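Structural overview
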Amino acid sequence: MDERLRSEDETIRLLRESAAAIAPRGGPLSRIRALRFTLPGFSREVWQEIAGLGWLGLRLSEAEGGAGLGMEACCALAEELGQGLVPEPLIPALISLPFLPPALRAQAVAGEIIVLPAWQEEPGALGPPRPITHFERGVLSGQKRFVPMAAGADYFLVAAAEGLALVPKDAEGVSLVTAMTQDGGHLGTLSFEDAPAEPVSAEPLSAGPLSAGPVLAAFAAALDEAALATAAYLLGLADRAFLLTLDYLRTREQFGRKIGTFQALQHRAADLKLALELTRASLWQAARRYDDPATPPGERQRLVSQAKARASRTALEVTAAAIQLHGGIAYTDEYDAGLFLRKAMVITPQFGSADWHARRFAELSPPDEDL
Amino acid sequence: MSDAPVIPPRAPDYNPLDDEAFREVVREFLAENYPPHLRFPPHRLHWAECKEWYFILAEKGWIAPGWPRQWGGMGLSPAKQIILIEEFERFGAARLPDHGIVMVGPLLLRYGTDAQRRFFLPRILSGEHIWCQGYSEPNAGSDLAALRTEAVREGEAWVITGQKIWTTLAQDANWMFLLARTDKTAKKQEGISFFLVPMTSPGIRVRPIVNLELHDEFCEVFLDQVRVPLDHLVGEINQGWSMAKALLGFERIFLGSPRQAANALARLKALADHLGLADDPHFQRRYTEFRLDLADHRALYAVHVARLREGEALGAEVSMLKVHQSELFQRITAYMLEIAAEYGGLLEPIGGNRALHPGGLFIQSRPVSIYGGTNEIQRNIIAKNVLDLPG
Ligand SMILES: Cc1cc2nc3c(=O)[nH]c(=O)nc-3n(C[C@H](O)[C@H](O)[C@H](O)COP(=O)(O)OP(=O)(O)OC[C@H]3O[C@@H](n4cnc5c(N)ncnc54)[C@H](O)[C@@H]3O)c2cc1C
């Protein structure tokens, strides 16, 4: 193994270890339970810890006050957070950081303020190429939907047709309506009525595809990175739901035997393992190639779509099977298996549904490739 | 047994009507009588919430569609029962606490004494007795015959001690039918008897359990030296297992009815309309496949219900119905989640419209392959008892 790879592995190992401060492997989920169905549904103290661990600057360059790590590191961290069902909106927050003015960014990296991106208008889609939200003459008008954990934000980075704009949550003309989600978090609908906002870029989104200008290309790439990190989060949660299930198969007895001795269940478990390994392979392939500067943007998008489509399917498949393989006990709220299913239901469609990514994968794939 | 009515039927005999005319009767009745605030309930309703509907059906004589007319039922043909169920589901009518109707009634009609029938059946019809099913125990789920709740004869009473779990709506029931061990020395299936127990008996404690729908729908039931008179045993002593097996046949055919899948399909269509996907060719393709599955399921279901009505004992084949309907239901709700994307993760129905709740329905479809015998167990039954495979 060459030196560069080895030192990267070491960084990732340390990062995974540091994640244990917030989401210890297989640790108790009592904090997660207690935060469910509250607003904002996550903890500012934990957010401070996250900042203290340097995770907010993970993807920023050293010049920007960050660690300059790649998507492999980012995905490793997201995977750890997923196995712990961490509700703090780290993945969306990472999107906005590179676009913030330096002073605000420093505050955000320090965990003092939280800036969440508000980009989505259609369910299941990764970024509308032609948003109906407008930013003209310094004011925003329109609506953004499905903003995860919006009630916990201080600012929103809004993707309008005319470019990116920054708006405080409590600004005049901004209203936020939240809807609880099955995992105990929420999604926000943001309405803007002539809300005064700060321009971040003046590149129009409606001029063409998201990749029109450098800032918007960067924004589109940030969304892709969030999609990939979400795939890693989903892998983490699916993996843990699977481990919980394996434990149960090894201990629960019926008919005088461990239920794990029944071949019907062994085959189910084998199939789930297969789904998880496909997901893992697809995810790490995407992360590694994403970090390779030689990989062209279209190929990055294609690999992200491949991984996210797979992870979304696997997360639902594994968490639903976890319920089935446990029997009655998993249909209770007291038992943890349901926490994984509910989280999967909410996270699976985020940053592009399986279907959306499958379509983009097809569009970006050369005809007859691999045939 | 003569055919003179013991309990006069309140409803006319609808069997002579043609199917479409009967469907119309049901629709009209629902439109005029169903309490509007109970349509498409977000979860299984508690007795206090749904009893008004129970009483309306009781008054009309429609509470027991499958019971013979002689015992106050509707005596409906299988085909008409299906129509009734379908129309209720389509309308979004709540499922009632129906263990008395679906389980206890058929049990007593088949194995009960005349005195038991005359005492219990009218009280089920009127809604005075609401029943729950005490079979499962913490260590006896799929392996039900391993149950440890014990009944000991003391003079003129049976004294029952043990623990039941996953007892649906036990907190609302005033009676429980349960299986308890009456002979610890016999083979495990041969020492079990069937009891009818008032939930108001001293020594019963009920702990509701919050389920995955975040609703307190099933319970743990603790029985500590609960005394019931000797005539609260059904059939012969130590014959409880075979009666329960026969009843599971009824339960499985009920669980194999197309109602949940049919309802889910209607909701899928409503969701697609709402999302503007109804004309999308991808959607059309999937939707059509589900419709075919449902149509074939109905055909298979009708075959089994017809056998039942002709007095044939239900064999292991009913397991096929349960497996297919539960998994079709689950495939439809999984697809709903797929097209709903972010909406599928919402805790509440879309726009407050209870007919549009993909996430809720997805969760509700999970336990259908667990209760009433898991689908793994059903497949074991098909392999062993239908296919006669070795092992
Ligand atoms: C919503 C709900 C309502 C219920 N209501 C009632 C009620 O009112 N009254 C009542 O008495 N019970 C009720 N039950 C209990 C239900 O009948 C049991 O959950 C069911 O029989 C399974 O038992 P278990 O939960 O102990 O799972 P287990 O039997 O422990 O099964 C765990 C897993 O092992 C598998 N398994 C077990 N044995 C085998 C085998 N031989 N081969 C292959 N796989 C096997 C199962 O399929 C399952 O996947 C309810 C359950 C639910 C979920």
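Residues numbered from 1 in each chain as written. Chains lettered and ligands numbered in written order. Predicted model: local features only at pLDDT ≥ 70, side-chain atom pairs only at ≥ 80, totals over all residues. Heavy atoms only, no water.

Our next topic: the overall build of chain B. Assigned secondary structure in chain B consists of 11 helices and eight strands. Summarising its shape, the C-alpha atoms of chain B cover approximately 70 × 45 × 45 Å along the three principal directions. Expressed as a percentage of the 391 residues in chain B, the buried residues total 56%. Counted over contacts in chain B with a minimum sequence separation of 6, partners at least 24 positions apart contribute 74%. With an accessible surface of roughly 16,200 Å², chain B has 53% of that area assigned to carbon and sulfur atoms. One finds the centroid of the 42 positive side-chain charges in chain B at a distance of 2 Å from the centroid of its 48 negative side-chain charges. (Helix = DSSP H or I, 4+ residues; strand = E, 2+ residues; numbered from the N terminus. Buried < 20%, exposed > 50% of the residue type's maximum accessible area, 1.4 Å probe, protein only. Contact = heavy atoms within 4.5 Å. Areas by Shrake-Rupley, 256 points an atom, 1.4 Å probe, with all protein chains shown as cover. Lys, Arg positive; Asp, Glu negative; His and termini not counted. Charge placed at Lys NZ, Arg CZ, Asp CG, Glu CD.)

Time to look at the overall build of chain A. For chain A, the count of helices and strands is 11 helices and 10 strands. Its C-alpha radius of gyration of 21 Å places chain A within 12% of the 21 Å reference for a compact globule of 371 residues. The principal-axis extent of the C-alpha atoms belonging to chain A is close to 75 × 50 × 35 Å. For chain A, the proportion of its 371 residues judged to be buried stands at 57%. Residue pairs at least 24 apart in sequence account for 74% of intrachain contacts in chain A once pairs closer than 6 positions are excluded. With the model as given, the accessible surface of chain A reaches about 14,800 Å², and the carbon-plus-sulfur share is 56%. Here chain A contributes 35 positive and 46 negative side-chain charges, whose respective centroids are spaced 7 Å apart. (Rg over C-alpha atoms; globule rule 2.2 N^0.38 Å.)

Here the focus is the confidence of the model for chain A. The predicted model of chain A averages 93 in pLDDT, with 93% of residues at 70 or higher. Ignoring residues within four places in sequence, the model shows residues 206–212 of chain A, a span with pLDDT below 50, making 10 contacts including any to other chains. (pLDDT = per-residue confidence, 0-100.)

All names here are of chain B. Across all of its chains, the model carries 29 aromatic pairs over all chains by this definition. Taking the centre distance of 4.4 Å and the plane angle of 50 degrees together, the rings of Phe29 and Trp62 count as tilted. On the criterion of sequence distance, the pair formed by Phe29 in helix 1 (residues 19–33) and Trp62 in the loop between helix 2 (47–60) and helix 3 (78–91) is long-range, its members being 33 residues apart. Phe29 sits in the buried class, given a relative accessible area of 6%. (Phe/Tyr/Trp six-rings, centres within 6.5 Å; stacked < 30°, edge-to-face > 60°.)

Let us now look at the nonpolar core. Nonpolar side chains in soluble globular proteins tend to be buried together. Trp55, Leu140, Phe156, Val167, Phe219, Leu228 and Phe351 of chain A are the most contacted members of the largest nonpolar core, which has 126 residues in total. When residues in this core are grouped by element, the largest group, 20 residues, is from helix 7 (residues 214–251) of chain A. Those residues in contact with Leu140 of chain A that sit more than four places away from it in its chain are Thr133, His134, Phe135, Val158, Ala160, Ala165, Val167, Phe192, Glu193, Asp194, Ala195 and Ala197 of chain A. Counting residues in hydrophobic clusters, the runner-up holds 80 residues, among them Trp67, Ala93, Val228 and Ala244 of chain B. (Core = buried A, V, L, I, M, F, W, Y, C linked by side-chain atoms within 4.5 Å.)

This part is about the sheet that holds strand 7 (residues 186–196) of chain A. All names here are of chain A. The strand order across the open sheet formed by four strands is 2-3-7-6, and the pairing between neighbours is antiparallel. Here the strands that pair on one side only, and so sit at the sheet edges, are strand 2 (134–136) and strand 6 (174–180). The average angle at which neighbouring strand axes cross in this sheet is 15 degrees, direction not considered. Relative to strand 3 (residues 139–148), strand 2 is paired through three bridges, and the arrangement is antiparallel. Bridge pairing in strand 3 places His134 opposite Ser141. (Pairing = 2+ DSSP bridges. Axes fitted to C-alpha atoms, helices over the stretch in contact; angles between N-to-C directions.)

Here the focus is the site of the ligand. Around the ligand there are 28 residues in total, and Arg252 of chain A together with Ser142, Trp166, Thr168 and Thr374 of chain B lie nearest to it. Neighbouring residues of the ligand are not confined to one chain but are distributed across chains A and B. Separating an oxygen atom of the ligand from a side-chain N or O atom of Gln254 of chain A is a distance of 3.5 Å. One of the backbone N or O atoms of Gly328 of chain A is found 2.7 Å from an oxygen atom in the ligand. Contact with the protein chains covers 94% of the free accessible surface of the ligand, which is 960 Å². Counting only elements with at least two residues in the shell around the ligand, the list comes to helix 9 (297–326) of chain A together with strand 3 (157–168) and helix 11 (375–386) of chain B. Across the shell around the ligand, the residue classes tally to 12 nonpolar, 14 polar and two charged. (Near = heavy atom within 4 Å. Polar contact = N/O pair within 3.5 Å; in protein donor to acceptor, adjacent residues only side chain to side chain. Nonpolar A, V, L, I, M, F, W, Y, C, P; charged D, E, K, R; others polar.)

A separate point is the interface of chain B and chain A. In this complex, chain B contributes 39 residues to the contact, which on the side of chain A involves 38 residues. Both faces considered, chain B and chain A share a buried interface measuring about 3,300 Å² in area, 62% of it formed by carbon and sulfur atoms. Two residues, Arg207 of chain B and Glu334 of chain A, come together in a salt bridge whose shortest N-O distance is 3.2 Å. Across the chain B-chain A interface, the total number found is 20 residue pairs in polar contact (both at pLDDT 80 or more). (Buried area = accessible area lost by both parts, 1.4 Å probe. Salt bridge = Lys/Arg side-chain N within 4 Å of Asp/Glu carboxyl O.)

Quick look at the pattern of salt bridges now. Taken as a whole and judged by the stated rule, the model has 46 salt bridges over all chains. Notably, a salt bridge pairs Lys80 of chain B with Asp19 of chain B, separated by 3.1 Å at the nearest N-O pair. Placement of Lys80 of chain B in helix 3 and of Asp19 of chain B in helix 1 is noted, with a sequence separation of 61 residues between them. Overall, Lys80 of chain B belongs to the buried group, its relative accessible area being 4%. Its salt-bridge partner being Arg23 of chain B, residue Glu86 of chain B comes within 3.3 Å of it at the nearest N-O pair. Separated by 63 residues along the polypeptide, Glu86 of chain B in helix 3 and Arg23 of chain B in helix 1 bring together distant segments of the chain. The network of salt bridges with common partners includes Arg16, Arg25, Glu79, Glu80, Asp239, Lys273, Glu277 and Arg280 of chain A.

With that out of the way, let us pick up the state of the cysteines. For the coordinates displayed, the defined rule picks out zero disulfides over all chains. Of all cysteine sulfurs in the structure, the one in Cys132 of chain B sits closest to Cys50 of chain B, which takes part in no disulfide; the separation is 14 Å. (Disulfide = S-S within 2.5 Å.)

With that settled, the discussion passes to unusual backbone geometry. Here the bond from Leu39 of chain A into Pro40 of chain A is cis, since omega is 5 degrees, no more than 30 degrees from zero. One can find Pro40 of chain A in the loop between helix 2 (30–35) and helix 3 (44–52). Not every positive phi belongs to a glycine, and Ala341 of chain B is a case in point at roughly 45 degrees. Residue position: Ala341 of chain B is located in the loop between helix 9 (318–340) and helix 10 (358–364). Of note, Asp388 of chain B is a non-glycine position whose phi angle comes to about 60 degrees, a positive value.

Residues and elements named next belong to chain B. Between helix 4 (residues 99–111) and helix 5 (residues 114–126), whose axes approach to 10 Å, the crossing angle comes to 165 degrees. When the interaxial angle is binned, helix 4 and helix 5 end up roughly antiparallel. The element helix 4 and its partner helix 5 pack so that their crossing is left-handed. Contact residues: helix 4 offers Gly100, Ile101, Val104, Gly105, Leu108 and Leu109, while helix 5 offers Gln116, Arg117, Phe120, Leu121 and Ile124. Residues of the contact of helix 4 with helix 5, tallied by class, amount to seven nonpolar, three polar and one charged. (Parallel < 35°, antiparallel > 145°, perpendicular 65-115°, else oblique. Left-handed = near helix turned anticlockwise from the far one by under 90°.)

Below, the discussion takes up helix 3 of chain B. Residue and element names in this part refer to chain B. The end-to-end C-alpha distance of helix 3 is 20 Å, a good match for the 20 Å that 14 residues give at a rise of 1.5 Å each. Counting buried positions along helix 3 gives 12 out of 14 residues, so the element sits mostly inside the fold. Taken together, the buried positions of helix 3 are Pro78, Lys80, Gln81, Ile82, Ile83, Leu84, Ile85, Glu86, Glu87, Phe88, Glu89 and Phe91. A positive phi of about 85 degrees marks Gly92, the residue just after helix 3. (Expected span 1.5 Å × (residues − 1).)

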